[in-house]
Amino acid sequence: MSRVYNFSAGPAVLPEEVLKEAADEMLDYKGCGMSVMEMSHRSKVYDNIIKEAEADLRDLMNIPDNYKVLFLQGGASQQFAAIPMNLMKNKKAAYIVTGQWAKKAYQEAKMYGEAVEVASSADKTFSYIPDCSDLDIPEDADYVYICENNTIYGTKFKTLPNTKGHILVSDVSSCFLSEPVDVTKYGVIYGGVQKNIGPAGVVIAIIREDLITDDVLEGTPTMLKYKTQADNDSLYNTPPCYGIYICGKVFKWLKKMGGLEAMKRHNEEKAKILYDFLDESKMFSGTVAKEDRSLMNVPFVTGNDDLDAKFVKEAAEAGFVNLKGHRTVGGMRASIYNAMPKEGVEKLVAFMKKFEEENA
Ligand SMILES: *Cc1c(COP(=O)(O)O)cnc(C)c1O
């Protein structure tokens, strides 16, 4: 068996320790004679798995008691609709468009009410985060929406926007658990777990309790109503059982690693290795404003499409896979999520140096 260094943006690398543990428990989970995939979601055993996962997540993120934690399905993309359906009481919301995912959320929201684009970085191919300290937010907007880490473009909000008292809703799919956050600053924090936590199929939504009500837009499906999910502790119907189980293992791994403060230091160290090299290289360069650089997704280019393709190919042959940039932006992108070891980034940089020498 040989494992590659997987720089995929998602589904993405998972901690090897977690995969091994899951493999060990595959046929017989803790003496119950079956796999977690085969057991009832109403069983005592499974109840422990989901409750422990929630408790560990609450611990890691220091989630206050007045926030619910929901384990949902439908991907982050389904939340693009669920959010307006549940929160658009005045049928108006402000969107900050910093990339494709934010744009998709914005466009989806338009189907349910008046979505107002209050800031955008589309003018420079989403290569920066706009100044959001004094935006023109409609008085009656139900919320302000951001995509906190832009997976495709590699930018991250380093300070949250001034929402002028409005509820902040944030898509954290690609920076979930990468550093500590102050949950109290948000109304809703949500993300698909397949970027930085677990296998595809689970979305975690952390929602302030007062935002979970029966007062939703007419026609909101039962399954998309946060209240349905909250009242049933994410067990209204069959949840993505196995995915939640793996997430739970990743939470335990994160706690063992020292929690989110430690992850932040670890991620900063890793990102610095790569960004420092990009800043000094004569061949490779980063594509986003330095002050807005993501710790998780690092896009870069050589400036020559043929050379980019050659690099991606030779890197893959050397065991550094999924470095091709998003199909809409080209170039390269290294996603260096929590589970990417520092050694993986060091070896990638060594490979880039060698490539630069050989192709100068
Ligand atoms: C990947 C991604 C999405 C879409 O996730 P799905 O689970 O595929 O719907 C949304 N937002 C961000 C920031 C992402 O990185």
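What this report covers is the structure whose coordinates are included nearby.

1. Some words on the overall build of the chain
Stage number 1. Secondary structure assignment for the chain yields nine helices and 14 strands.
Stage number 2. If one aligns the C-alpha atoms of the chain with their principal axes, the spans along those axes are about 65 × 60 × 30 Å.
Stage number 3. Going through the 360 residues of the chain one by one, you find that 56% of them count as buried.
Stage number 4. In the chain, 68% of the contacts between residues at least 6 apart in sequence involve partners at least 24 apart.
Stage number 5. A total accessible area of about 15,800 Å² is found for the chain, and carbon and sulfur atoms account for 48% of it.
Stage number 6. For the chain, the centre of its 43 positive side-chain charges and the centre of its 52 negative side-chain charges are spaced 2 Å apart.

2. Brief notes about the packing of aromatic side chains
Stage number 1. Under the criterion given, the structure shown has 16 aromatic pairs.
Stage number 2. Centre to centre, the rings of Tyr95 and Tyr106 are 6.0 Å apart; their planes meet at 45°, and the pair counts as tilted. Taken together, the positions of Tyr95 in strand E3 (residues 92-97) and Tyr106 in helix H4 (residues 100-109) put the pair eleven residues apart, joining distant regions of the chain. Tyr106 shares its class with Tyr95; the two are buried.
Stage number 3. Between Phe277 and Phe284, the ring centres sit 6.1 Å apart and the planes meet at 50°, which makes this aromatic pair tilted. Taken individually, Phe277 and Phe284 each receive the classification buried, so the pair is uniform in this respect.
Stage number 4. Linked through ring pairs, Tyr5, Phe7, Phe277, Phe284, Phe300, Phe311, Phe320, Phe351 and Phe355 together constitute an aromatic cluster.
Stage number 5. In this arrangement the basic side chain of Lys124 is found over the ring face of Tyr128, its NZ or CZ atom lying 5.5 Å from the centre.

3. Topic: the site of the ligand
Stage number 1. Surveying the vicinity of the ligand reveals the residues Gly75, Ala76, Ser77, Phe80, Trp101, Cys147, Asn149, Thr151, Asp171, Ser173, Gln194 and Lys195.
Stage number 2. Take Asp171: an N or O atom from its side chain is 2.6 Å from a nitrogen atom of the ligand.
Stage number 3. One of the side-chain nitrogen or oxygen atoms of Lys195 is found 2.5 Å away from an oxygen atom of the ligand.
Stage number 4. Burial of the ligand by the protein chains amounts to 87% of its free accessible area of 390 Å².
Stage number 5. Broken down by element, the residue count for the shell around the ligand peaks at four residues, all from helix H3 (residues 75-87).
Stage number 6. Of the residues belonging to the shell around the ligand, the class tally is four nonpolar, six polar and two charged.

4. Remarks on the sheet that holds strand E14 (residues 332-335)
Stage number 1. Spatially, E11-E12-E14 is the arrangement adopted by the three strands of the open sheet, whose pairing is antiparallel. Where the open sheet ends on each side, the last strands, each with one partner, are strand E11 (285-286) and E14.

5. Details of the sheet that holds strand E4 (residues 114-120)
Stage number 1. Taking strand neighbours across the sheet as the criterion, the seven strands line up as E2-E10-E9-E8-E5-E3-E4 in an open arrangement whose pairing is mixed. Two strands close off the open sheet at either side, each with one partner strand: strand E2 (67-72) and E4. Taking the axes of each pair of neighbouring strands and ignoring which way they run, one obtains an average angle of 20° across the sheet.
Stage number 2. Bridge count for strand E9 (residues 188-192) against strand E10 (residues 203-208) is five bridges, and the pairing is antiparallel. By the bridge assignment for E10, Gly191 is matched with Ile204.
Stage number 3. Against the sheet, H3 makes contact with E2, E3, strand E5 (143-147), strand E8 (167-171), E9 and E10, and its axis sits at roughly 155° relative to E9, the strand it touches most.
Stage number 4. Helix-sheet contacts for H4 involve E3, E4, E5 and E8, and the interaxial angle to E3 is about 160°.

Each value, and the rule that gives it
- Residues numbered from 1 in each chain as written.
- Predicted model: local features only at pLDDT ≥ 70, side-chain atom pairs only at ≥ 80, totals over all residues.
- Heavy atoms only, no water.
- Helix = DSSP H or I, 4+ residues; strand = E, 2+ residues; numbered from the N terminus.
- Buried < 20%, exposed > 50% of the residue type's maximum accessible area, 1.4 Å probe, protein only.
- Contact = heavy atoms within 4.5 Å.
- Areas by Shrake-Rupley, 256 points an atom, 1.4 Å probe, with all protein chains shown as cover.
- Lys, Arg positive; Asp, Glu negative; His and termini not counted.
- Charge placed at Lys NZ, Arg CZ, Asp CG, Glu CD.
- Phe/Tyr/Trp six-rings, centres within 6.5 Å; stacked < 30°, edge-to-face > 60°.
- Lys NZ or Arg CZ within 6 Å of the ring centre and 35° of its normal.
- Near = heavy atom within 4 Å.
- Polar contact = N/O pair within 3.5 Å; in protein donor to acceptor, adjacent residues only side chain to side chain.
- Nonpolar A, V, L, I, M, F, W, Y, C, P; charged D, E, K, R; others polar.
- Pairing = 2+ DSSP bridges.
- Axes fitted to C-alpha atoms, helices over the stretch in contact; angles between N-to-C directions.

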